[in-house]
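Summary of the model geometry
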Amino acid sequence: MSNNPPGLPVAADAADGTAATDSATLLDDPQEWSAFGRPHGRAGAQPLPTDGAWESFVVLEGMHCAACALTIEDALRRVPGVSDVDVSAATRRARVVWHPGRVLPSQWMAAVRKAGYRPMPAMDALAREERRRESRRALWRWLVAGFCMMQVMMYAWPAYQAMPGDLTFEMEQLLRWASWVISLPVVLFACGPFFSSALRDVRQRRVSMDLPVALGMLITFVVSMLGTFDPTGPFGREVYYDSLTMFVFFLLTGRWLELRLRDRTAGALEAVMNRLPDSVQRRTAAGGFERVATRRLQVGDVVRVLPGEAFPADGLILSGATQADEALLTGESTPVAKSPGSSVTAGSYNLRAAVEMTVQALGGQTRFGQIVALMESASLQKPRLAQLADRVARPFLVAVLLAAGLAAAWWWPTDPSHALMVAVAVLVVTCPCALSLATPVAMLTAAGTLARQGVLVRNLQALEALATVDTVVFDKTGTLTRDRLAVTDTRVAPGAGLAPDQALALAAMLARHSLHPVSRALALAAEALPALDGSWTVETVEELPGAGLQALAYRAGQKMLLRLGSATHARVAPGDGAQQQVVLSAECAGRLIELARFGLSEELRPEAPAVVQQLRAAGIAVELLSGDHGAAVQRVAQRTGIAAAQGGSTPQDKLRHLQALQARGHSVAMVGDGLNDGPVLAGAHASLAFGKSVALAQSRSDIVVLGDNLALVTQTLLMARRTMHIVRQNLWWAAGYNAVGVPLAIAGYMPAWLAGLGMALSSLLVVLNAARLARAARGDDAAPAPVAAHRPVGVA
């Protein structure tokens, strides 16, 4: 009986006889889709489950390289109803955009299984448990290979040390037979993943990185077995069981350590994304509590959250008092006290006591959901250098097979046995694993490390651009200054016909439609004021980025156009420049009337001067562009030590200034609020935005700083430089290793065991080198720095 929702056709993969597993078929239930995906292109929306395209994320078992990623992408793109696919070899995750009206999850997952890989929903307990089981199996393979290697080496040692005539023919044969028996568990069990992957490649008529390795293992074992079974034949002069077991052991050691290091470095992204509990205690109609899957929660449910658990949704505390760790969400590491009536956010941790909360928002409606969406997108991106490595991977593997065949043909007339071992060395030593890992592992490690510090990398390519930046342009309000402006005074214009409180309340009616710091200050100042009388009606408020707000309003039936913003926007004379002002004006019956001016004060971030000094010490020029009037901008520039400052700039002025800098050959990074500076952020080589008060889905920057400390900007830039330094080191190592190893293998100077050791070490060194980024970040936190007094909080 089909589990397909009514009206959904069965795709071709279901009709070709491929039976989906029960767990995959369960995923066809629309209620399960939000557990591992979201509606595509509609952040924050709550459409019907089967309405429009869906974007799902899966974890992939059985893939090891860039060629595997390309194979999975090809398999999914051939499925009708799948419109877009991204697969990352570094994180072993895939993003699939599919249309419920044409295909279901079990069907496109069946295409992945048919290609030889196992997909599992991301952020799912089953996926994590399966990864733990696979890790245990890998450990057992490594232990078997290590034990058998030691035994085979013990049997091979006499043959290496004996002088001619010391070993009888019968004793030599006995040692060969013993080595063959001990090698069988290695070939049949420890080599299992390599052989199964190679067999899958042969069946699919493709090439991945496991195929040359498996061929090398098989050739070594067959040549040694022929020498054991027929000692007088062409391959009887020498056996290579010791080389076989040694390079299998080295390869498994490298993969095991690489897997562990990936989980500790690039795996930091997945650790953050999997913060929500798999299940929670929900109150029943009878007043008790039952444990249900988190994805089954609905708005209005009451749940109990135990100490140490993460809050599963946004909501309000009903009973109990505790403290919450909101470091990931706000960048603040200090625990926040929570009591009845307090709001809690999904993804924050309950630290002290059990509490009961009512659910107000779930999934993509929460800030945590927006953070996860950004991190998932970043983890699946392929930087430019990684895309180049992926394109090179398959042709390189074909070239490896050809080189091995040519090397064997060259050496065959001299010694067939030696010729095959030379081919094995070429097959193993030239595996491009290090090349395919060089860029993505380093960038994902950097992104994971920054995420723990409260910095979200939306675009991995931005790290490469940020590393080359020589000029940083700051916005003023909410960036160099605190975003908590305060209204200091209200001056009503003569003839406006309004009391000061009425003018402030009217301005607040417009300001509540904007997230700009000036608007928030006006709205906050008017909170305690009585509402305007019913003669005022405000409609169709529109925000003009970099200028202000305008709205259609009616007073006692009289239509007028209100403007709130700079004097230029309000079309009135500018002030004396002694303080920051915002002006409210009205245009009625063709006549312009100034209604009121509101004086504002802003607080400079205490760490701003030290950050500017630190950027200069790193060889980076610093400039200030702001839409505020020139006097206020110059005051901030003087206090922060910025020489190049310009006020009264519209977004178009800022963009033209950035383009002029770029035309002079400068690489420019823009730091702004992420919303009003959208065109400028998009035009910069790299852009950073403070996302504490901006909806993350609307932020247009490459990098979002969740915390409230400007020093994170400097740390991010320095991290980008370190990251690209590590990437260049990895690429040079991978290229140099192959440049040295291939000629030595072809010339016959590199035995198979040494080739296996070199291959394992090449990948391991790439991952170890990337892990230095996480260690360097921890060292930066511990070591004193010029801005140590303002060290960013929220660093894990």
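Shown above is the structure to which this text applies.
Right, let's walk through the structure included here. (Residues numbered from 1 in each chain as written. Predicted model: local features only at pLDDT ≥ 70, side-chain atom pairs only at ≥ 80, totals over all residues. Heavy atoms only, no water.)

**So, the overall build of the protein chain**
In plain terms, the rule: The secondary structure listing takes helices from DSSP runs of H or I that are at least 4 residues long and strands from runs of E that are at least 2 residues long, numbered from the N terminus. Relative accessibility decides the category of a residue: with a 1.4 Å probe and only protein chains considered, values under 20% of the type maximum give buried, values over 50% give exposed, and everything between is partly exposed. Contacts between residues were defined by any pair of non-hydrogen atoms, one from each residue, lying within 4.5 Å. Here the accessible surface of atoms and residues is derived via Shrake-Rupley with a 1.4 Å probe, and residues count as covered only by protein chains that are part of the display.
Scanning the protein chain for helices and strands turns up 27 helices and 27 strands. The buried share of the protein chain, reckoned over its 796 residues, is 53%. Considering only contacts within the protein chain whose residues lie at least 6 apart along the sequence, 68% involve residues at least 24 apart. Surface exposure of the protein chain reaches about 33,000 Å², of which carbon and sulfur atoms provide 59%.

**A closer look at unusual backbone geometry**
Where the residue is not glycine, phi is negative for most of them; where a peptide bond is considered, it is trans in most cases. Although it is not a glycine, Thr 540 adopts a positive phi angle of roughly 40°. Tracing the chain through its elements places Thr 540 in strand E18 (residues 536–544). The residue Arg 571 is not glycine, and still its phi comes out positive at about 65°. A relative accessible area of 52% places Arg 571 in the exposed class.

**What about the sheet that holds strand E6 (residues 279–283)?**
So the rule is basically this: At least two DSSP bridges between two strands are required for those strands to pair.
Taken together, the six strands give an open sheet; going across it, the order is E7-E6-E8-E14-E9-E12, and neighbouring strands pair in antiparallel fashion. For this open sheet the edge positions go to strand E7 (289–293) and strand E12 (343–344), each flanked by a neighbour on one side alone. Sheet topology note: the strand E8 (residues 302–305)/strand E14 (residues 355–361) ladder contains four bridges and is antiparallel. If you follow Val 305 over to E14, its bridge partner there is Val 355.

**Here we look at the sheet that holds strand E25 (residues 668–672)**
This is how the line gets drawn: Geometry is summarised by axes, namely lines fitted to C-alpha atoms with helices restricted to the contacting stretch, and by angles between N-to-C directions that run from 0 to 180 degrees.
Spatially, E15-E27-E26-E25-E16-E23-E24 is the arrangement adopted by the seven strands of the open sheet, whose pairing is mixed. At either end of the open sheet lies a strand with only one pairing partner, and these are strand E15 (455–457) and strand E24 (644–646). On average, each strand axis in the sheet is inclined to that of its neighbour by 20°, with strand direction left out of account. Pairing geometry for E15 and strand E27 (residues 703–705), over three bridges, is antiparallel. Bridge assignment links Val 455 to a residue of E27, and that residue is Val 705. Running over the sheet, helix H26 (residues 711–746) touches E15, strand E16 (471–474), E25, strand E26 (686–690) and E27 and is turned about 150° from E26.

**Things to note about the environment of Met 149**
By the secondary structure assignment, Met 149 is in helix H6 (residues 125–161). Assessed through its relative accessible area of 14%, Met 149 is described here as buried. Along the backbone, Met 149 and Ser 183 are 34 residues apart, and their C-alpha atoms lie at a distance of 8.0 Å. With residues up to four places along the chain from it excluded, the contact list for Met 149 reads Thr 245, Met 246 and Phe 249.

**Regarding the pattern of salt bridges**
Using the following cut-off: Put simply, a salt bridge is a Lys or Arg side-chain nitrogen that is within 4 Å of an Asp or Glu carboxyl oxygen.
One pass over the structure, following the stated rule, counts 15 salt bridges. One salt bridge in this structure joins Glu 55 and Arg 95, with 2.4 Å as the shortest N-O distance. Pair noted here: Glu 55 is in strand E2 (residues 54–61) and Arg 95 is in strand E4 (residues 93–98), with a separation of 40 residues, a long-range link. Comparing Glu 55 with Arg 95 shows no difference in burial state: the two are buried. As a salt-bridge pair, Arg 77 and Glu 73 come within 3.5 Å of each other at their nearest N and O atoms.

**What to know about the packing of helix H7 (residues 169–190) against helix H9 (residues 210–229)**
The condition that has to hold: Relative orientations are named as follows: roughly parallel for angles under 35 degrees, roughly antiparallel for angles over 145 degrees, roughly perpendicular for angles from 65 to 115 degrees, and oblique for any other angle. The sense of a crossing depends on the near helix, which, turned anticlockwise from the far helix by less than a right angle, makes the crossing left-handed and, turned clockwise, makes it right-handed.
Running from N to C, H7 and H9 point in directions that differ by 150°, and their axes come no closer than 10 Å. Considered as vectors, H7 and H9 are oriented roughly antiparallel to each other. Crossing of H7 against H9: the hand is left-handed. Contact with H7, carried on its side by Gln 173, Arg 176, Trp 177, Trp 180, Ser 183, Leu 184 and Val 187, involves Phe 221, Met 225, Gly 227, Thr 228 and Phe 229 of H9 and no other residues of that element.

**Quick notes on the side chain of Arg 282**
Our working rule: Throughout this description, a polar contact denotes any pair of N or O atoms lying within 3.5 Å of each other; where both atoms belong to protein, one of them has to be capable of donating a hydrogen while the other can accept it, and for residues adjacent in sequence the pair is counted only when both atoms sit in side chains.
Residue position: Arg 282 is located in strand E6. Owing to a relative accessible area of 18%, Arg 282 belongs among the buried residues under this scheme. Here Arg 296 takes part through its backbone oxygen, which lies 3.4 Å from a polar atom of the side chain of Arg 282. If we ignore the near neighbours within four places in the chain, the residues touching Arg 282 are Gly 288, Phe 289, Glu 290, Val 292, Arg 296, Leu 297, Asp 301, Val 302 and Val 303.

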